[in-house]
Amino acid sequence: MLSAADMTALAITLKLALVSTLILLLLGTPLAWWLARTRWRFKFIPEAIVALPLVLPPTVLGFYLLLALGPHGPVGGLLESLGGRPLAFTFTGLVIGSIIYSMPFVVQPLQDAFSAIGRRPLEVAATLRASPMDRFFTVAVPLARPGFLTAAVLGFAHTIGEFGVVLMIGGNIPGQTRVASIAVYDHVEGLDFSQAHGVSIALLLLSFVLLLLVYGLNRRFRMMRL
Amino acid sequence: MTIKARFRFKRTDFSLHVDTEIPSSGISALFGPSGCGKTSLLRAIAGLDFHPDGYLKVNETVWQDGDRFLAPHRRPLGYVFQEASLFDHLSVRGNLEYGVKRTPSNRRRIALDEAIDLLEIAPLLERSPSGLSGGERQRVAIARALAVSPELLLMDEPLAAVDSGRKQEIIPYLESLHRELVIPVLYVSHQLDEVSRLADHIIMLQSGRIAATGDVHDLFTRLDLPAANDDEAASIIEAVVSSHDAAYELTHLDFPGGKITMTRLDLPGGSPVRLRLAARDVSLTLERQSGTSILNILPVTVDSMKTLKNAQVNVRLMAGGVPLLARITRKSCEELGLEKGKPLFAQIKSIALLA
């Protein structure tokens, strides 16, 4: 039912979501940990910046990214002068866009989970001879497990649903930057509703299953704690 | 073997100013009303809070001085928090092993099994902390703190979050810890009964300052301090079981002030016991009474007196060097002509066994 091109678009979508989520977890965990623990009075500034993609139209974000990553932008220009290629209209460019766009969906659940642990378990671990790094990995991370699950799934699902940013910086290069949400748009534009249905249902099911996983597993974690 | 501590810091609701030396043997109680800075001092000693310009030396090691600040995980201490604070993601065994794994084997002086036996938590090992009762949780927390073989055990009102029934369940474990291990303990409490059962040495804190330090027997009977003026004021004495009277089901005990008789204790001769004599249960006579139902009459001398608000007088007595408290009316005090050094007889109506 799905054409080879649509299957490729779905595969690129999944790959984009997977790569972005992994990088987001790597970057978002220390950021969320710092936000949850710091007593810095201006921490609301980084918090507001992280939350910005929640309210900003994706096309605005995409537009600025396009400028920055293009050959005349600061990032793209720098890469070009170093002998590289600008990032606009590449898969890497899409990953960068997704990371910024989905950042709040990863950082906020992690920050909430770390805050909910409180200082006490970490103080206990300190009095049991655990170094700060040791405390983080053996106490904070396991206790924040539901937060990690929520962050990973929301980051993943949100990247799958991305449209505006991709449209602006990814272009629509089949096999490289053409993702599923763009494919749906193209099919509708071309009045090819049956193809649009195929891709849409695949996305709908995928998103639903992911959210079922989050809610189901988080419930199980809660019951385990009772 | 002492703990030298000097801390000076301000909090929004109080300021702490402490410069003291605490003997690091037996149980030392940091005693005082809520909000007097006991927990803040304990946290400063543990290194959980950093206060610049503090000084802390435990035995021969400096833990804090100027730029030197030993991180809490490098301090050879154990800490029992008010709430058990067990790790919910680990089993009871996992909780106990967490600290043991991180204690270098050449530093391990208390075997994990020893801590498990002492607190009698073997049946709980495979359970999840969330399924334990408050008393069980706190016993696990105490065993967990012991299992890292601390050189100093800090306990922050370990019984405060436990209801009073459970409290009676845990105190015997603290007593056996005291008897069987030689770890010095710093015990924070605002409960007179806990402190009188457990403490050897007392540091009384009042609004961030040390009001007095000393031996439990001396401090609880000092008339210038709040404990002696409490309604429940009592003196604490250490005695030794000397013999039993099977016919009358009584036990005779010796202490430096004389002999004491009380209802039979199930202890062999020679056992040391701690007794509590409520100030209200001690009356005074000028001559030794005969024809009285009171068994315990001790020769004493008046050490000091203090008039209280409600027509009563607190009298501190010495019985063979051991201070006792008596609470009498001002009228009786005048009729007996009490003054410092006057010899008297103290009649003790009832005696409670503490430990």
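Everything numeric in this text was worked out from a predicted model, so none of it was measured.

Asker: Explain the confidence of the model for chain A to me, please; I cannot follow it from the model alone.
Answerer: Parts of the model with low pLDDT should not have their predicted coordinates read in detail. Confidence in the prediction of chain A, expressed as mean pLDDT, is 87, and 96% of residues score 70 or more. Mean pLDDT values over the elements of chain A span from 78, in helix 4 (residues 74-81) of chain A, up to 95, in helix 6 (residues 120-127) of chain A.

Asker: It is not clear to me how the packing of helix 3 (residues 58-69) of chain A against helix 4 of chain A should be interpreted in this structure. Could you clarify?
Answerer: The relative placement of two packed helices is expressed as an angle between their axes plus a distance between the axes. Residues and elements named next belong to chain A. Two numbers describe how helix 3 lies on helix 4: the axes approach to 4 Å, and their chain directions differ by 25°. By the angle between their axes, helix 3 is roughly parallel relative to helix 4. Contacts between helix 3 and helix 4 pair Leu67, Ala68 and Leu69 from the former with Pro74, Val75 and Gly76 from the latter.

Asker: Explanation requested: the sheet that holds strand 20 (residues 343-348) of chain B in the structure shown.
Answerer: Strand pairs in the sheet, formed through backbone hydrogen bonds, run parallel or antiparallel to each other. Residue and element names in this part refer to chain B. Pairing is antiparallel across the open sheet formed by five strands, whose spatial order is 16-20-17-18-19. Every interior strand has two partners, whereas the edge strands, strand 16 (282-285) and strand 19 (322-329), have only one. Averaged over all pairs of adjacent strands, the angle between strand axes in this sheet comes to 45°, irrespective of strand direction. As judged from the six bridges shared by strand 17 (residues 296-307) and strand 20, these two strands associate in the antiparallel manner. Directly across from Asn296, in strand 20, lies its bridge partner Ile348.

Asker: How should the pairing of strand 17 of chain B be read in this particular structure?
Answerer: In regular strands, side chains alternate between the two faces of the sheet. Residues and elements named next belong to chain B. Here strand 17 pairs with strand 18 (residues 312-319) via six bridges, running antiparallel. Bridge pairing in strand 18 places Lys306 opposite Asn314. Between strand 17 and strand 18, which pair antiparallel one after the other, the connecting turn spans four residues, and Ala311 there sits at a positive phi close to 65°.

Asker: For this particular structure, what's the right way to read the pairing of strand 11 (residues 209-215) of chain B?
Answerer: Looking at chain direction, strand 10 (residues 201-206) of chain B and strand 11 of chain B are connected through six bridges and run antiparallel. Paired with B:His201 across the bridge in strand 11 of chain B is B:Asp215.

Asker: What am I meant to see in a negative patch on the surface here?
Answerer: Residues and elements named next belong to chain B. A grouping of Asp113, Glu114, Asp117, Glu120 and Glu180 is seen on the molecular surface, where their side chains present a negatively charged patch. Here Glu114 shows up in helix 3 (residues 112-119). Taking relative accessible area as the criterion, Glu114 reaches 38% and is therefore assigned partly exposed.

Asker: What is the right way to read the domain arrangement of chain B from this model?
Answerer: It is common to give the size of an interface as the accessible area lost on bringing the parts into contact. All names here are of chain B. Segmenting chain B into domains produces domain 1 (2-219) and domain 2 (234-354). The straight-line distance from the C-alpha centre of domain 1 to that of domain 2 is 34 Å. If you look at the interface, domain 1 gives 10 residues, while domain 2 gives seven residues. Summing both sides of the interface, domain 1 and domain 2 together bury roughly 690 Å²; the carbon and sulfur share of this comes to 45%. One can count two salt bridges joining domain 1 with domain 2. Of the charged contacts in the structure, one is a salt bridge between Arg316 and Asp218, with a shortest N-O distance of 2.6 Å. Across the contact surface, domain 1 and domain 2 share six residue pairs in polar contact (both at pLDDT 80 or more). Taken together, the elements giving at least two residues each to the side of domain 1 that touches domain 2 come down to helix 6 (192-198) and helix 7 (216-219). At four residues, the largest contribution of residues to the side of domain 1 that touches domain 2 is made by helix 6. When its residues are assigned to classes, the side of domain 1 that touches domain 2 shows four nonpolar, two polar and four charged.

Asker: Just to check I follow, could you spell out the packing of helix 2 (residues 44-55) of chain A against helix 5 (residues 91-117) of chain A for this structure?
Answerer: Residues and elements named next belong to chain A. At a closest axis distance of 7 Å, the pairing of helix 2 and helix 5 adopts a crossing angle of 125°. If you check the angle between helix 2 and helix 5, you find them oblique. Once helix 2 is placed against helix 5, the crossing between them reads as left-handed. Seen from helix 2, the contacting residues are Glu47, Val50, Ala51, Pro53 and Leu54; seen from helix 5, they are Ile100, Tyr101, Met103, Pro104, Phe105, Val107, Gln108 and Gln111. Classifying every residue of the contact of helix 2 with helix 5 gives 10 nonpolar, two polar and one charged.

Asker: How should I be thinking about unusual backbone geometry in this particular structure?
Answerer: Across residues other than glycine, the phi torsion is negative in most instances, and most of the peptide bonds are trans. Residues and elements named next belong to chain A. For Arg129, which is not glycine, the phi dihedral falls at a positive 80°. Structurally, the position occupied by Arg129 is in the loop between helix 6 and helix 7 (132-143). Classification of Arg129 by relative accessible area gives buried; the value is 13%.

Asker: Can you walk me through the nonpolar core in this structure?
Answerer: It is characteristic of soluble globular proteins that their nonpolar side chains tend to be buried jointly. In terms of nonpolar packing, the biggest core is built from 70 residues, with A:Phe114, B:Phe7 and B:Leu154 touching the most fellow members. A per-element tally of this core places helix 5 of chain A first, with 11 residues. When near neighbours in sequence (up to four residues on either side) are disregarded, B:Leu154 contacts B:Leu42, B:Ile45, B:Ala46, B:Leu77, B:Gly78, B:Tyr79, B:Val80 and B:Leu186. With 38 residues, the next largest nonpolar core counts B:Ile27, B:Val100, B:Leu146 and B:Met155 among its residues.

Asker: Just to check I follow, could you spell out the pattern of salt bridges for this structure?
Answerer: Charged atoms that come close allow side chains of opposite charge to pair. Enumeration according to the criterion identifies 20 salt bridges over all chains in this entry. In this structure, the salt-bridge partner of B:Lys38 is B:Glu157, at a minimum N-O distance of 3.9 Å. Of this pair, B:Lys38 sits in helix 1 (residues 38-46) while B:Glu157 is found in the loop between strand 8 (152-156) and helix 5 (164-180), placing the two residues 119 residues apart along the sequence. A relative accessible area of 3% means that B:Lys38 is categorised as buried. For B:Glu157, a relative accessible area of 8% gives the class buried. The residue B:Asp200 makes a salt bridge to B:Arg274 at a minimum N-O spacing of 3.9 Å. One end of the pair, B:Asp200, is in the loop between helix 6 and strand 10; the other, B:Arg274, is in strand 15 (residues 272-278), with 74 residues separating them in the sequence. Look at B:Asp200 and you get partly exposed, because its relative accessible area is 27%. The exposure class of B:Arg274 is buried, given its relative accessible area of 7%. Several salt bridges converge on common partners, so that one network encompasses A:Arg120, A:Glu123, B:Arg43, B:Asp49 and B:Glu83.

Asker: It is not clear to me how the sheet that holds strand 15 of chain B should be interpreted in this structure. Could you clarify?
Answerer: Residue and element names in this part refer to chain B. The antiparallel open sheet is built from five strands, whose spatial order is 14-13-12-15-21. Looking at strand neighbours, the two that pair on one side only are strand 14 (258-263) and strand 21 (352-353), the edges of this open sheet. Strand direction decides the pairing type here: strand 13 (residues 250-255) and strand 14, joined by six bridges, are antiparallel. Within strand 14, the residue paired with Thr251 across the bridge is Met262.

What counts, and where the lines are drawn
- Residues numbered from 1 in each chain as written.
- Chains lettered and ligands numbered in written order.
- Predicted model: local features only at pLDDT ≥ 70, side-chain atom pairs only at ≥ 80, totals over all residues.
- Heavy atoms only, no water.
- pLDDT = per-residue confidence, 0-100.
- Helix = DSSP H or I, 4+ residues; strand = E, 2+ residues; numbered from the N terminus.
- Axes fitted to C-alpha atoms, helices over the stretch in contact; angles between N-to-C directions.
- Parallel < 35°, antiparallel > 145°, perpendicular 65-115°, else oblique.
- Contact = heavy atoms within 4.5 Å.
- Pairing = 2+ DSSP bridges.
- Patch = residues over 30% accessible without salt bridge, like charges linked within 9 Å, V, L, I, M, F, W, Y side chains within 5 Å.
- Areas by Shrake-Rupley, 256 points an atom, 1.4 Å probe, with all protein chains shown as cover.
- Salt bridge = Lys/Arg side-chain N within 4 Å of Asp/Glu carboxyl O.
- Lys, Arg positive; Asp, Glu negative; His and termini not counted.
- Charge placed at Lys NZ, Arg CZ, Asp CG, Glu CD.
- Buried < 20%, exposed > 50% of the residue type's maximum accessible area, 1.4 Å probe, protein only.
- Domains from an automatic or database assignment.
- Buried area = accessible area lost by both parts, 1.4 Å probe.
- Polar contact = N/O pair within 3.5 Å; in protein donor to acceptor, adjacent residues only side chain to side chain.
- Nonpolar A, V, L, I, M, F, W, Y, C, P; charged D, E, K, R; others polar.
- Left-handed = near helix turned anticlockwise from the far one by under 90°.
- Core = buried A, V, L, I, M, F, W, Y, C linked by side-chain atoms within 4.5 Å.

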